Every structure is written in structure tokens, then in C-alpha cells.
Amino acid sequence: MSWLPLIIAALLGATLLVGYVLVLIGIRREDKALNLHQRPNGTSASLARKVTGCYARNGVSWT
């Protein structure tokens, strides 16, 4: 039996898990900071906004 498919599946699963955790961390940071009207203050926050589609271009003036 070849180990290559198992290794590829494990790497893909780990990559997806890390991405999921980063999005969760970013959502939590944005929620606590209450700053959706400003630029994201980190990589995880930026990733969370892009994945969820919750981002503002050029800022907003409603707050």
C-alpha cells in the first residue's frame, strides 16, 4: 500500500484545519474590537473578513 495518498490527505486536512482556526480567531478579534468600519488589524482578521465577505472598501462613514 502506498503511503503517498494518506500523507497528502493528512497535509490537506491539516491545512484546512489551520485555515478554519485562523478564520475563527479573526472573527473573534473583530467582534471584540468592534472595528468593522476600520481596516483589519491583523492577518487573521483580514482573512476572516475576506472569507465571510464582511469588509468595507475605503472605509465607511456610518459610525
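Below or above, wherever it landed, is the structure these notes cover. (Residues numbered from 1 in each chain as written. Predicted model: local features only at pLDDT ≥ 70, side-chain atom pairs only at ≥ 80, totals over all residues. Heavy atoms only, no water.)

## Quick notes on the overall build of the protein chain
When its secondary structure is counted, the protein chain shows 2 helices and 0 strands. Per-residue burial over the protein chain gives 13% buried out of 63 residues. A separation of at least 24 residues holds for 21% of the contacts in the protein chain among residues at least 6 apart in sequence. Summed over all atoms, the accessible surface of the protein chain reaches about 5,300 Å², with 67% contributed by carbon and sulfur. (Helix = DSSP H or I, 4+ residues; strand = E, 2+ residues; numbered from the N terminus. Buried < 20%, exposed > 50% of the residue type's maximum accessible area, 1.4 Å probe, protein only. Contact = heavy atoms within 4.5 Å. Areas by Shrake-Rupley, 256 points an atom, 1.4 Å probe, with all protein chains shown as cover.)

## What to know about the packing of helix H1 (residues 4–33) against helix H2 (residues 43–52)
Remark: H1 packs on H2, axes separated minimally by 7 Å, with the N-to-C direction vectors making an angle of 100°. Compared by their axis directions, H1 and H2 come out roughly perpendicular. Each of Gly19, Leu22, Val23, Ile25, Gly26, Ile27, Arg29 and Glu30 in H1 lies in contact with H2, whose residues at this interface are Ser44, Ala45, Leu47, Ala48, Arg49, Val51 and Thr52. Partitioned by chemical class, the residues of the contact of H1 with H2 number 8 nonpolar, 4 polar and 3 charged. (Axes fitted to C-alpha atoms, helices over the stretch in contact; angles between N-to-C directions. Parallel < 35°, antiparallel > 145°, perpendicular 65-115°, else oblique. Nonpolar A, V, L, I, M, F, W, Y, C, P; charged D, E, K, R; others polar.)

## Overview of the environment of Ile27
Note on placement: Ile27 falls in helix H1. Along the sequence, Ile27 and Thr52 sit 25 residues apart, while their C-alpha atoms lie 9.0 Å from each other. In this structure Ile27 touches Ala48 and Thr52, once residues within four positions along its chain are discounted.

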